[in-house]
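Take a look at the letters that make up each chain.
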Amino acid sequence: MRDFSTDHRWLSINTATVRKQGDFIAIVEACARLGIRAVSPWRDQVAQVGLDKAVKAVRDAGLDLSGYCRGGMFTADKAHLQEARDDNRRAVDEAKALGAPCLVLVVGGLPQYSRPGSTPTKDIGAAQAMVEDEIGVLYEYARKAQLPLAIEPLHPMYAADRACVNTTRQALDICDRLDPAKGNMLGVALDVYHVWWDFELFAQIKRAGQSRLLAFHVCDWLVPTRDLLLDRGMMGDGAIDIPKVRAAVEAEGFSGYVEVEIFSEHWWQRPMEDVLKTCIERYRTVV
Ligand code: ZN
């Protein structure tokens, strides 16, 4: 397991962590100033400043990417299916332009929430089947572009609206069916917030192996959690044994950036520099 106590060279900041404090350019510049070597941008933050300007900012600052957030929301009714496919292809193209190592997929829940305007349904099984079919469709495009896809299983509390892939096993089952040869272009993004509770987690990390472990996200699970989406904790403030999970992914050969991804009204109220410095300190001490 890598020693993180003396430097933060493997720290990446997911740009949503400080999205309220500044635009994408300001975030990139602040990270570079603090010796943070990588970011994982969100599409809306890139769109706000323009893709070309975002690409230039990343290059000028000499930053790496640890991922690109996000593709997915695959579930749609017939009338919205093409829109979903086009949108995901654009996400692949943007990820490629920015030099991202993978596109993170939040796969979608029931169609009416994933692609608003879609005919409402309660058929979660059909949504899960559609997710797999549509990942297969996007995978063909992504493979040609040489851009790996990372399925992010989300905590089951998001099954209706954000993702009906909720465990590492479920995500790996999809990977194995679509890519039985393990071609290094399809895998998982493991976020401790979503998977820490799963009694199968460590067995599934072993099963994943290096070729399927494309991204690793950290934050913490607060007790109590006051908001389903916007109350993630800073590492060290909650219930998750983060080093244990990191040790397991690194034991399989994962050697990439550890990405801090915190959506939190609490941390969004702090100055950007304070939040980033706290991320660095916690990365060194509790990750
Ligand atoms: Zn994540």
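Before reading further, recall that the structure is shown in the block above.
Quick caveat, the model's predicted, so the values are computed rather than measured.

As a further point, take the pairing of strand S5 (residues 103–106). Side-chain alternation along S5 places Leu103 and Leu105 on one buried face and Val104 and Val106 on a second face that is also buried. Here strand S4 (residues 68–72) runs beside S5; their pairing, made up of four bridges, is parallel. Opposite Gly71, over in S5, you have Leu105 as the bridge partner. As paired strands, S5 and strand S6 (residues 149–151) are joined by three bridges and run parallel to one another. Counterpart to Val104 in the pairing with S6 is Ala150.

We now examine the coordination of the zinc ion. Every protein donor of the zinc ion is accounted for by Glu152 (OE), Asp191 (OD), His217 (ND1) and Glu261 (OE), and the metal-donor separations fall at 2.0 to 2.2 Å. Positions of the donor residues of the zinc ion along the chain correspond to the pattern E-x38-D-x25-H-x43-E. Here Asp191, found in strand S7 (residues 186–191), pairs with Glu261, found in the loop between strand S9 (258–260) and helix H11 (265–268); they are 70 residues apart in sequence, far enough to count as distant. Across this residue pair, the class does not change: Asp191 and Glu261 are buried.

In this section: the packing of helix H4 (residues 78–98) against helix H6 (residues 124–145). It is at 10 Å that the axes of H4 and H6 come closest, and there the two elements cross at 40°. H4 and H6 meet at a crossing whose hand is right-handed. Here Leu81, Arg85, Asn88, Arg89, Val92, Asp93 and Lys96 of H4 lie close against H6, whose contacting residues are Met130, Glu134, Val137, Leu138, Tyr141, Ala142 and Ala145. When its residues are assigned to classes, the contact of H4 with H6 shows eight nonpolar, one polar and five charged.

Right, let's talk about empty space enclosed by the protein for a bit. The full count for this structure, using the stated rule, is one cavity of 30 Å³ or more. There is about 50 Å³ of room inside the largest cavity. Every residue lining the largest cavity is listed: Phe74, Ala84, Arg85, Asn88, Arg89, Glu134, Val137 and Leu138. When residues of the lining of the largest cavity are traced back to their parent elements, those giving at least two are H4 and H6. Residues that form the lining of the largest cavity fall into these classes: four nonpolar, one polar and three charged.

Okay, the side chain of Thr168 next. Relative to the helices and strands, Thr168 resides in helix H7 (residues 168–178). Taking relative accessible area as the criterion, Thr168 reaches 1% and is therefore assigned buried. In this view, Thr168 contacts Pro153, Leu190, Val195, Asp198, Leu201 and Gln204; residues no more than four positions away in its chain are not counted.

Taken together, the nine strands give an open sheet; going across it, the order is S3-S2-S1-S9-S8-S7-S6-S5-S4, and neighbouring strands pair in parallel fashion. Each having just a single partner strand, strand S3 (64–65) and S4 make up the two edges of the open sheet. Sheet topology note: the strand S1 (residues 11–14)/strand S2 (residues 38–40) ladder contains three bridges and is parallel. The residue bridging Ile13 from the neighbouring strand is Val39, located in S2.

As a further point, take the layout of surface pockets. Each pocket or cavity is described by its volume, and for the largest pocket that value is around 260 Å³. Residue composition of the lining of the largest pocket, by class: 11 nonpolar, one polar and six charged. As a volume, the second largest pocket reaches approximately 180 Å³. Lining of the second largest pocket is provided by Trp42, Arg43, Asp44, Cys69, Arg70, Gly71, Gly72, Met73, Asp87, Asn88, Ser114 and Arg115. Top element by residues in the lining of the second largest pocket is S4. It accounts for four residues. Grouping the amino acids of the lining of the second largest pocket by side-chain chemistry returns three nonpolar, four polar and five charged.

With respect to burial, strand S8 (residues 213–218) is a largely interior element, six of its six residues being buried. Note that S7 and S8 share four bridges and pair parallel. By the bridge assignment for S8, Leu190 is matched with Phe216. Two elements, S8 and S9, share three bridges in a ladder whose sense is parallel. The partner of Val218 across the bridge, within S9, is Val260.

What counts and what doesn't
Residues numbered from 1 in each chain as written. Predicted model: local features only at pLDDT ≥ 70, side-chain atom pairs only at ≥ 80, totals over all residues. Heavy atoms only, no water. Buried < 20%, exposed > 50% of the residue type's maximum accessible area, 1.4 Å probe, protein only. Helix = DSSP H or I, 4+ residues; strand = E, 2+ residues; numbered from the N terminus. Pairing = 2+ DSSP bridges. Donors = N, O, S within 2.8 Å, 3.2 Å for Na, K, Ca; no water. Axes fitted to C-alpha atoms, helices over the stretch in contact; angles between N-to-C directions. Left-handed = near helix turned anticlockwise from the far one by under 90°. Contact = heavy atoms within 4.5 Å. Nonpolar A, V, L, I, M, F, W, Y, C, P; charged D, E, K, R; others polar. 1 Å grid on protein atoms, 1.4 Å probe; cavity = no way out; pocket = protein on both sides within 12 Å on 5 of 7 lines; lining within 4 Å. Points joined across faces, edges and corners; volume = space filled by probe spheres on them.

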